[in-house]
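Listed below, chain by chain, are the residues.
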Protein chains: 2
Amino acid sequence: MAAAVDTERFLRDLDDLREIGRYKTGVHRPTYSPQDMESRRWLMARMEECGLEPSIDGIGNVLGRHRGPGPHLLVGSHIETQSHAGWLDGALGVVAGLALARAGLPVDVAAFADEEGHFEGGFLGSRSIIGALSDEEIDRSRNRTDGTPLRDALAAAGLAGLPRMTLDRDRYRGFLEMHIEQGTQLEGAGERVGVVTGIVAIWQWRITVEGAQDHAGGTTMAERRDAGLAAVRLLAAIDREFPRVCAERTTWTTGRIALEPGAPSIIPGRADVLFQFRDVEVPVLERLETTLRALVRESNRRERCTATLDQMSRATPALCDPGFMDALAAAAEARAPGQWRRMPSGAGHDAQWIGRVMPAAMLFVPSIGGISHHWAEDTKREHLALGCEVLADAAARILSR
Amino acid sequence: MAAAVDTERFLRDLDDLREIGRYKTGVHRPTYSPQDMESRRWLMARMEECGLEPSIDGIGNVLGRHRGPGPHLLVGSHIETQSHAGWLDGALGVVAGLALARAGLPVDVAAFADEEGHFEGGFLGSRSIIGALSDEEIDRSRNRTDGTPLRDALAAAGLAGLPRMTLDRDRYRGFLEMHIEQGTQLEGAGERVGVVTGIVAIWQWRITVEGAQDHAGGTTMAERRDAGLAAVRLLAAIDREFPRVCAERTTWTTGRIALEPGAPSIIPGRADVLFQFRDVEVPVLERLETTLRALVRESNRRERCTATLDQMSRATPALCDPGFMDALAAAAEARAPGQWRRMPSGAGHDAQWIGRVMPAAMLFVPSIGGISHHWAEDTKREHLALGCEVLADAAARILSR
């Protein structure tokens, strides 16, 4: 089963999709926004064009079903974006799926909803389709930016009442997802594609520090219970200690620090911190958690403020299917001899959820300057085209077994 | 000139004013809000009642002029509050002025606008009335919370086009302001009033750290330019170094830390920090500035992010008038023998501006638990009453010289 991909058309589709919610050289398509829903309608029209049977479900998942006989592969990613973010990210994997369908491969194409986690929980689409998203969680979940209840957002997007799809596991050999690297390893090594070995787990935490809101002039330094200062000291301690217990590819990030009330002349009475760390090894993640908990205990012994730790997510690392990896590796070696590598993914992807119920693997293309989740995100067009060809080649190898 | 203050009526006025913009046990009257303007109208009605001639000007200053012959004293403070803050703060000094007028003292009563600095610049009223607020600054100034232009806020409050008052310096012996301590020195020492010796200067800074917004998973720790982490390290260095160069009563505060974009999985590309320090001694303030600038230089040498320092305010400490302080001290010793002290004010007050053009002094009453700029702020009613009597006694002494 040879697959000749129309890379010109593939790139043109990407350019067309880029116009929906355009922001500078990137796009702004938050989950369930008018721009996001327009992109999903655009996708369903493209699916029709290449002979797929499109449908959208009650969580916003778009699936284009191949009308012919199997065996089938599921190919895709997500189509919404972070705020004012890049044009490729998940859109690349979805449009690559279209390209494989256009090339005549028996693939279904999927765009899962809210991989980016605009709503509490995140990965709503890929979790929903494998049965890992309860109605109760949907009832509870709110938009992380403006607090809009998920149910209200679904209703506003016209999705209320639609049934939620369940993945037909027997229909597929497995799942393939193409994505930008979101780092600089490929670019730095002058390589053109990456075969993903596994996806790191993200352990996300909320650190809340309670102090006493007070006047910044009338209250002596000795009298203060400055929640902001206690948070800064704790984060500085993490910055000191984590390098001693992390692994080679571990990352940790403080994405948000909010001081209340946040005025120049008021001692913060409360600090809210979003902190996360990522690794592919559970023992490493557990070591980091032990260190974090010890630092919080130490802070509470030393400070006149109380820090509390809430774990918001505790994923398990997802390893890619060895057979699928071999197919991707063979395709990479055939199309870009010596210019590819096997590498872990530092970011979470829909494949980590789909991989729970069927074989799954991922292919990376280089990110220029490693820029990601920012409107300046980009990838050389030759790398986009090559990645799509490698993906099609690997899909053909998997399907012809 | 003996002054018998009706302390019952004084406390009742405070209780009535407390109902305007009430929030829990405190009040919410941001500058030029409907609640703030209602409180100014309430004040003008009270002024009429006690024989004063009320007027309001183009910046929101309310002045009640004594109709009889001089010599006169100006007595007052501000009537707007911080967000969800205390019922006394500036309102106390304004209502105390009413009490002195009711007692027959030849005083004018003033409520200056935006002492709390809801708008850029702050102290709009007291600066305007002494000629230290230009129309250009009014054109530029915006609300610090929601960015509303000051001109728009003045128009919405019905103040657009009204002339701005200028203080008639020859009319007054000087200015007296009563205020809560906003600290715990009086309470801690079991004392009942404080005679303020001077007002600390606030040097307010904006620290901006520029890094590179990036994906929290795809970007290795070595590749990052994390603006939030660089800000945390700088603030931790300030926390380490400032105790070595500060004076006994110096305070320093980080009121706000804002990371952009502020999402859990995005490395902050920018950090905005509001930082200030306060002291009564200029040499101490200059030593702190030197240290701060050195720490920012050190950060820029060490980090892959760039920190820049903008000074938002650079006040000079204001010392109270010695003769007025003696009058307040004599009144305090007469009404609360051995239960008062002389003390500096750690907070800024309108008196620091009025004191630039005429003699000025301040009287403090204890703050329960030192709580200030929070709805739980409070003072014992006996301390409120005593403070008002001491203020009236001191005013009589000053006027009878």
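Position numbers for residues count from 1 along each chain, tracking the sequence in the order it is written. To label them, take the chains in the order written and letter them from A, then take the ligands in the order written and number them from 1. With pLDDT at 70 or above as the cut-off, local features in this predicted model cover only qualifying residues; side-chain atom pairs require 80 or more to be listed or tallied, and sums for whole chains, interfaces and linings still use all residues. Based on all heavy atoms of the structure, the side-chain values leave hydrogens and waters out of the count.

- Under the annotation held in an unreviewed UniProt entry, chain A carries the name Zn-dependent hydrolase and is attributed to Craurococcus roseus.
- UniProt positions are given in the numbering used here, feature names are shortened, and annotations may be inferred rather than shown by experiment. According to its UniProt record, chain A has this under Subunit (unreviewed entry): "Homodimer."
- Its UniProt record gives chain A the following Cofactor (unreviewed entry) comment, quoted word for word: "Mn(2+)".

1. Quick look at the interface of chain A and chain B
Phase 1 of the analysis: Throughout, a residue-residue contact means that at least one pair of heavy atoms, one from each residue, lies within 4.5 Å. Every contact between the two is made by 51 residues of chain A and, on the other side, 51 residues of chain B.
Phase 2 of the analysis: In this assembly, chain A packs against chain B so that about 4300 Å² is buried in total across both faces, 53% of it on carbon and sulfur atoms.
Phase 3 of the analysis: One side-chain nitrogen of Lys or Arg within 4 Å of one carboxyl oxygen of Asp or Glu is enough to make a salt bridge. On inspection of chain A and its partner chain B, the count reaches two salt bridges.
Phase 4 of the analysis: Here Asp239(A) and Arg233(B) are joined by a salt bridge, their closest N and O atoms 2.7 Å apart.
Phase 5 of the analysis: N or O atoms within 3.5 Å of each other form a polar contact, as long as, within protein, one can give a hydrogen and the other can take it, and as long as residues adjacent in sequence are counted only when both atoms are side-chain atoms. At the junction of chain A and chain B, the tally comes to 24 residue pairs in polar contact (both at pLDDT 80 or more).
Phase 6 of the analysis: Of all elements in the fold, only strand S10 (214-215), helix H8 (227-245), strand S11 (251-260), strand S12 (266-267) and strand S13 (270-279) of chain A reach the threshold of two or more residues within the side of chain A that touches chain B.
Phase 7 of the analysis: Numbering goes from the N terminus for both helices and strands, where a helix is a DSSP run of H or I of at least four residues and a strand is a run of E of at least two. Counting residues per element, the side of chain A that touches chain B draws most heavily on S11(A), which supplies eight residues.
Phase 8 of the analysis: Each residue gets one of three labels, nonpolar for Ala, Val, Leu, Ile, Met, Phe, Trp, Tyr, Cys and Pro, charged for Asp, Glu, Lys and Arg, and polar for the others, Gly among them. Residue composition of the side of chain A that touches chain B, grouped by class: 17 nonpolar, 25 polar and nine charged. Buried area is a sum: the accessible area each of two parts loses on coming together, probed at 1.4 Å, counted once for each and added.

2. Here's the deal with the packing of helix H1 (residues 7-18) of chain B against helix H12 (residues 381-399) of chain B
All names here are of chain B.
Phase 1 of the analysis: Interaxial distance between H1 and H12 falls to 10 Å at its minimum, and their mutual angle equals 120°. As for how H1 packs across H12, the hand of that crossing is right-handed. Of the residues in H12, those touching H1 at Thr-7, Phe-10, Leu-11, Leu-14 and Asp-15 are Arg-381, Leu-384, Ala-385, Cys-388 and Glu-389.
Phase 2 of the analysis: The residue makeup of the contact of H1 with H12, split by class, is six nonpolar, one polar and three charged. Structural elements are reduced to axes, namely lines fitted to C-alpha atoms, with helices fitted over the stretch in contact, and the angle between N-to-C directions of any two is expressed from 0 to 180 degrees. Handedness of a crossing is defined here by the sense of rotation of the near helix relative to the far one, left-handed for an anticlockwise turn of less than a right angle and right-handed for a clockwise turn.

3. Regarding the pairing of strand S4 (residues 62-65) of chain A
Phase 1 of the analysis: Here four bridges tie strand S3 (residues 53-56) of chain A to S4(A), and the two strands are oriented antiparallel to one another. When the sheet's bridge partners are listed, Glu53(A) is paired in S4(A) with Arg65(A). Think of it this way: DSSP has to see at least two bridges between two strands before they count as a pair.

4. Remarks on the sheet that holds S13(A)
Residues and elements named next belong to chain A.
Phase 1 of the analysis: Strand order in the open sheet made by the four strands is S11-S13-S9-S14, with antiparallel pairing throughout. Edge positions in the sheet fall to S11 and strand S14 (306-314), since each of these pairs with one other strand and no more. Within this sheet the neighbouring strands show an average axis-to-axis angle of 15°, counted without direction.

5. Describing the sheet that holds strand S9 (residues 201-210) of chain B
Residue and element names in this part refer to chain B.
Phase 1 of the analysis: Spatially, four strands are ordered S11-S13-S9-S14 in an open sheet, and the strand pairing comes out antiparallel. In this open sheet, the two edge strands, each paired with only one partner strand, are strand S11 (251-260) and strand S14 (306-314). On average, each strand axis in the sheet is tilted by 15° relative to the strand beside it, whichever way the strands run.
Phase 2 of the analysis: As paired elements, S9 and strand S13 (residues 270-279) share ten bridges and run antiparallel to each other. Residue pairing across strands places Trp-205 opposite Phe-275, the latter belonging to S13.
Phase 3 of the analysis: The sheet contacts of helix H8 (residues 227-245) involve S9, S11, S13 and S14, and relative to S13 the element is tilted by about 15°.

6. Overview of the pairing of strand S5 (residues 72-78) of chain A
Residues and elements named next belong to chain A.
Phase 1 of the analysis: Throughout this description, buried means an accessible area under 20% of the type-specific maximum (1.4 Å probe, protein chains only), exposed means over 50%, and partly exposed covers the range between. For S5, the buried fraction is high: seven of the seven residues fall into the buried class.
Phase 2 of the analysis: Here S5 shows a buried face lined by His-72, Leu-74, Gly-76 and His-78 and a second buried face lined by Leu-73, Val-75 and Ser-77.
Phase 3 of the analysis: Across three bridges, the pairing between S5 and strand S7 (residues 172-180) is parallel. Paired with His-72 across the two strands is Tyr-172, which belongs to S7.
Phase 4 of the analysis: Here S5 runs beside strand S6 (residues 107-112); their pairing, made up of six bridges, is parallel. From the neighbouring strand, Leu-73 faces S6, where its bridge partner is Val-107.
Phase 5 of the analysis: Handedness of a crossover is defined as follows: with both strands directed away from the viewer, a clockwise route from the first strand across the helix to the second makes it right-handed. The β-α-β motif built from S5, the intervening helix H3 (residues 89-102) and the parallel element S6 has right-handed crossover chirality.

7. Let's talk about the environment of Phe364(A)
Residue and element names in this part refer to chain A.
Phase 1 of the analysis: Within the secondary structure, Phe-364 sits in strand S17 (residues 360-365).
Phase 2 of the analysis: Phe-364 sits in the buried class, given a relative accessible area of 1%.
Phase 3 of the analysis: Separated by 19 residues in the primary sequence, Phe-364 and His-383 have C-alpha atoms spaced 9.8 Å apart.
Phase 4 of the analysis: What Phe-364 contacts, discounting residues up to four positions off in sequence, is His-179, Ile-180, Glu-181, Leu-186, Arg-192, Val-193, Gly-194, Val-196, Met-343, Pro-344, Ser-345 and His-349.

8. Quick look at the domain arrangement of chain A
Residues and elements named next belong to chain A.
Phase 1 of the analysis: Note that the domain bounds reflect an automated or database-derived domain assignment. On domain assignment, one finds that chain A holds domain 1 (7-200 + 317-399) and domain 2 (201-314).
Phase 2 of the analysis: Taking only C-alpha atoms, the centre of domain 1 and the centre of domain 2 are 34 Å apart.
Phase 3 of the analysis: Between domain 1 and domain 2, the residue contacts involve nine residues of the former and ten residues of the latter.
Phase 4 of the analysis: Between domain 1 and domain 2 the total buried area reaches about 750 Å² when both faces are included, carbon and sulfur atoms providing 60% of it.
Phase 5 of the analysis: When residues of domain 1 are sorted by the area they lose upon contact with domain 2, Val-200, Pro-317 and Pro-344 head the list and together hold 59% of the total.
Phase 6 of the analysis: Applying the counting criterion to the domain 1 and domain 2 interface returns zero salt bridges.
Phase 7 of the analysis: At the junction of domain 1 and domain 2, the tally comes to one residue pair in polar contact (both at pLDDT 80 or more).

9. Comments concerning helix H12 (residues 381-399) of chain A
Phase 1 of the analysis: In this model, H12(A) (19 residues) spans 27 Å end to end at C-alpha, consistent with the 27 Å of a helix rising 1.5 Å per residue.
Phase 2 of the analysis: With 15 of 19 residues buried, H12(A) is to be regarded as a mostly interior element. Each helix should span, by expectation, one fewer than its residue count multiplied by 1.5 Å.

10. Brief notes about the relation of the copies chain A and chain B
The two chain copies are related to each other by a rotation about an axis together with a translation along it.
Phase 1 of the analysis: Only residues with pLDDT of at least 70 in both copies count here: their C-alpha atoms drive the least-squares fit that superposes the copies. Expressed as a screw transformation, the operator carrying chain A onto chain B has a rotation angle of 180° and an axial translation of 0.0 Å, and the superposed copies differ by an RMSD of 0.0 Å. Here the two chains are linked by the operation of a two-fold rotation axis. Judged by C-alpha distance, Val232(A) is the residue of chain A that lies nearest the rotation axis, at 2.9 Å.
Phase 2 of the analysis: Of the interface residues in chain A, 100% have counterparts in chain B that sit at the interface too, so the contact is made through matching surfaces.

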